[in-house]
Amino acid sequence: MAEQPVRPWTNSEIADIFDRIGDLVEISEKEGPFQVRAYHRAADNIRHLDGDIVRIWQEGALEEIPGVGKAIAKKIDELMRTGRLHFLEELEKEVPPGVLDMLQIPGVGPKKARLFWKSLGITSIEELKKAAEAGKLRTLPGMGAKSEAKILEGIAILQSLPDRIPLGEARPLAERMIEQLRELDEEVVEKISLAGSARRWRETVGDLDILVASTTPGPVMDKFSSLPEVAEVMLKGETKTSVRLHNGLQVDLRVLEPKRWGTGLQYFTGSKAHNIALRNLALDQGWSLSEYALKRVDTGQEKLCPTEEEVYETLGLPWIPPELREDRGEIKAAMEGKLPRLLKLSDLRGDLHSHTTWSDGSHTIEQMAEAARSRGFSYLAITDHSTGLGVVSGVGESELEEQRRIVDELNSRWSDFRLLLGVEVEVMADGSLALSDEVLSRLDVVIAAVHSGLNQDRDTLTGRAISALRNPHVDILAHPTGRLLGKRKGGDFDMEAIFREAAKLGKVIEVNSSPWRLDLNDVLVRRAVELGVKISIDSDAHKPSGFDDLIYGVKTARRGWVEPENVINTWPLDKVIAWLERRG
Ligand code: DGT
Ligand code: CA
Ligand code: CA
């Protein structure tokens, strides 16, 4: 059998290493420009190889790769046999990591990075920014006021790139990776869990954290590093491995001793603020709390916690759901036995916001209804966009009449399920609605939504939302801020004023469950509920699988301390209908 590498190196990982070497050699001037070019050329050729570099190494054919000579082949051989490269490690010792980071700034290459480092002692992007702002770069050889301004611009671009990824993109990846790790033997993977912000269902994540309880970390690390989602292994240690996925997301995997699982899971779930508050509470009780154990401060005696429950219980607390662990009063509430009775996905009995082929959905009314019914819902509102949105075709008076006939016909089939006919009506620039009161009065449910003019000033925007709420036919205000995660900030609405108006009028505000919206967010929904506003957790489904998004809305609501009684679609159908009919 062919010799196995200590790590399943991929072509792109090896290529990245040689690009890194090329940059480090150039910055350190350890070798000349000829060698620098050779490293990058080898990197390019390896990256675009047809065959697998591991196979080529096994066949002893490395030097047949264009640009790979004896010296580079030897380095690849070392990587295959040891997983490390002495030459690279030496370079990394010489060049501070922050200097290499500067290469990410548009317009900064190895030569400039070296110049800033060697002549001004700058070793981080932050220091470079300060120096540029103080006008210190323009005096350097080959630099001037213009190139200094360019560097500031480059740093601004770099820092404006979103460094957090929406949970809706990250979480499915995490779940897939966890599923594959579960395929390992039960003795190898005793327990596995998501941790960090993703376990707390924060709307965006900086990186993913996965924990495994195991007494044999080796095979876990190996399997993890070679998952198809992984683009690059950044660090592989005995108990921690960090990888980068193809979309740039970093994932940290940590292996914990099973008998210390509880403290480890608690620690790495965070948030950091929650952990600090909990650690202070522990100290008050004479315990020092770490990821390894609870330890008596006086005697030094350890108490190991195999479960998270035991950690909280030892401190006199009930287990606190991860969604609440943000140091927003949850520890005090837990101490007083006043944690909220949080909403669950299974509390939802129906969905009041969905789309079909009548606007921008991809399935028929019947298909959407059957999908909702097969999920065990007892009602679904069809709420296609009204005309007036411009970008999508919408429903007007005659379409709504036709939809009504279809809905009536479908409803005659079921005794356990009910379709409601509604609309997502456009709030126009002046605060009026795109459909007449006459048309709206014939619908079962009316959702008002602001899609256009989100950059208007605060008074105008707030006025539009409030006049929509004041229309007697409007029941629900959809995705109130209009934000799109990672793409667009919400409008500058005065949410406090909108909540007060909604509470006064008895109108409902939506938590839109689309993971790209999550609007209201956790903080706003908590405030809305505090002010007495009722909430609707809506899927805004545009296809049957869109109902899967409801979990994101539920989790966002849980992060906002929402209880089932705050949410109208936990109500049974007759109660919902009675409420909708309040307006006669
Ligand atoms: P992220 O990755 O920015 O979305 O947020 P997290 O919460 O996942 O943070 P991360 O990945 O840096 O660390 C995972 C958890 O580890 C974090 O939630 C709490 C814990 N942790 C990390 N650093 C510290 C620390 O300095 N002190 C304490 N007490 N806990 C920490
Ligand atoms: Ca994280
Ligand atoms: Ca992390």
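Since we're looking at a predicted model, the values are computed, not measured.

Cut-off values and rules
- Residues numbered from 1 in each chain as written.
- Chains lettered and ligands numbered in written order.
- Predicted model: local features only at pLDDT ≥ 70, side-chain atom pairs only at ≥ 80, totals over all residues.
- Heavy atoms only, no water.
- Donors = N, O, S within 2.8 Å, 3.2 Å for Na, K, Ca; no water.
- Buried < 20%, exposed > 50% of the residue type's maximum accessible area, 1.4 Å probe, protein only.
- Helix = DSSP H or I, 4+ residues; strand = E, 2+ residues; numbered from the N terminus.
- Arc of directions from axis to C-beta.
- 1 Å grid on protein atoms, 1.4 Å probe; cavity = no way out; pocket = protein on both sides within 12 Å on 5 of 7 lines; lining within 4 Å.
- Points joined across faces, edges and corners; volume = space filled by probe spheres on them.
- Nonpolar A, V, L, I, M, F, W, Y, C, P; charged D, E, K, R; others polar.
- Domains from an automatic or database assignment.
- Contact = heavy atoms within 4.5 Å.
- Buried area = accessible area lost by both parts, 1.4 Å probe.
- Salt bridge = Lys/Arg side-chain N within 4 Å of Asp/Glu carboxyl O.

1. Describing the coordination of the calcium ion (ligand 3)
Where a metal carries four tetrahedral donors, each ideal angle is 109.5 degrees; where it carries six octahedral donors, the ideal angles are 90 or 180 degrees. The protein atoms donating to the calcium ion (ligand 3) are Asp-207 (OD), Asp-207 (OD), Asp-209 (OD) and Asp-252 (OD), with metal-donor distances spanning 2.3 to 2.8 Å. Coordination of the calcium ion (ligand 3) draws on donor residues from a single chain, spaced D-x1-D-x42-D in sequence. On the basis of relative accessibility, which here comes to 4%, the residue Asp-252 falls in the buried class.

2. Describing helix H7 (residues 110-120)
Side chains three or four residues apart in an α-helix point the same way, a direct result of the helix having 3.6 residues per turn. Taken together, the buried positions of H7 are Pro-110, Ala-113, Arg-114, Phe-116 and Trp-117. Take H7 and look down its axis: the buried residues cluster within an arc of 165 degrees, on one side only. Just downstream of H7, Gly-121 is the residue with a positive phi angle, here 70 degrees.

3. A word on empty space enclosed by the protein
In the structure shown here, the tally under the stated rule is two cavities of 30 Å³ or more. Within this model, the largest cavity holds a volume of roughly 60 Å³. Per-element accounting of the lining of the largest cavity gives the leading share, three residues, to helix H14 (residues 272-284). Residues that form the lining of the largest cavity fall into these classes: three nonpolar, three polar and two charged. The computed volume of the second largest cavity comes to approximately 50 Å³. Lining the second largest cavity, in full, are Trp-201, Arg-202, Glu-203, Leu-518, Asp-522, Thr-556 and Arg-559. A breakdown of the residues in the lining of the second largest cavity according to their chemical character gives two nonpolar, one polar and four charged. Of the residues that make up the lining of the second largest cavity, three or more belong to each of domain 2 (165-256) and domain 4 (345-583).

4. Considering the domain arrangement of the protein chain
It is common to give the size of an interface as the accessible area that goes away when the parts come together. Entries for the protein chain in the domain assignment read domain 1 (11-160), domain 2 (165-256), domain 3 (269-335) and domain 4 (345-583). Between the C-alpha centres of domain 2 and domain 3 the distance comes to 24 Å. Contact residues are listed per partner, giving seven residues for domain 2 and ten residues for domain 3. In total, domain 2 and domain 3 occlude about 630 Å² of area from one another, counting both sides; carbon and sulfur atoms represent 43% of this.

5. A closer look at the pattern of salt bridges
Side-chain pairs of opposite charge can arise where the charged atoms are in close proximity. Tallied over the entire structure, the rule returns 52 salt bridges. Lys-555 is paired through a salt bridge with Glu-323; the nearest N and O atoms lie 2.9 Å apart. Pair noted here: Lys-555 is in helix H23 (residues 550-559) and Glu-323 is in the loop between helix H15 (308-314) and helix H16 (330-335), with a separation of 232 residues, a long-range link. Per residue, the accessibility class of Lys-555 equals that of Glu-323, and both read buried. Two residues, Glu-401 and Arg-442, come together in a salt bridge whose shortest N-O distance is 3.5 Å. Residue Glu-401 is located in helix H18 (residues 397-411), and its partner Arg-442 is located in the loop between helix H19 (437-440) and strand E14 (445-449); the two are separated by 41 residues in the primary sequence. Residue classification places Glu-401 among the partly exposed positions, given a relative accessible area of 40%. Arg-442 gets classed as partly exposed once you look at its relative accessible area, which sits at 37%. When salt bridges that share partners are traced, they join Arg-200, Glu-326, Arg-328, Asp-522 and Arg-559 into one network.

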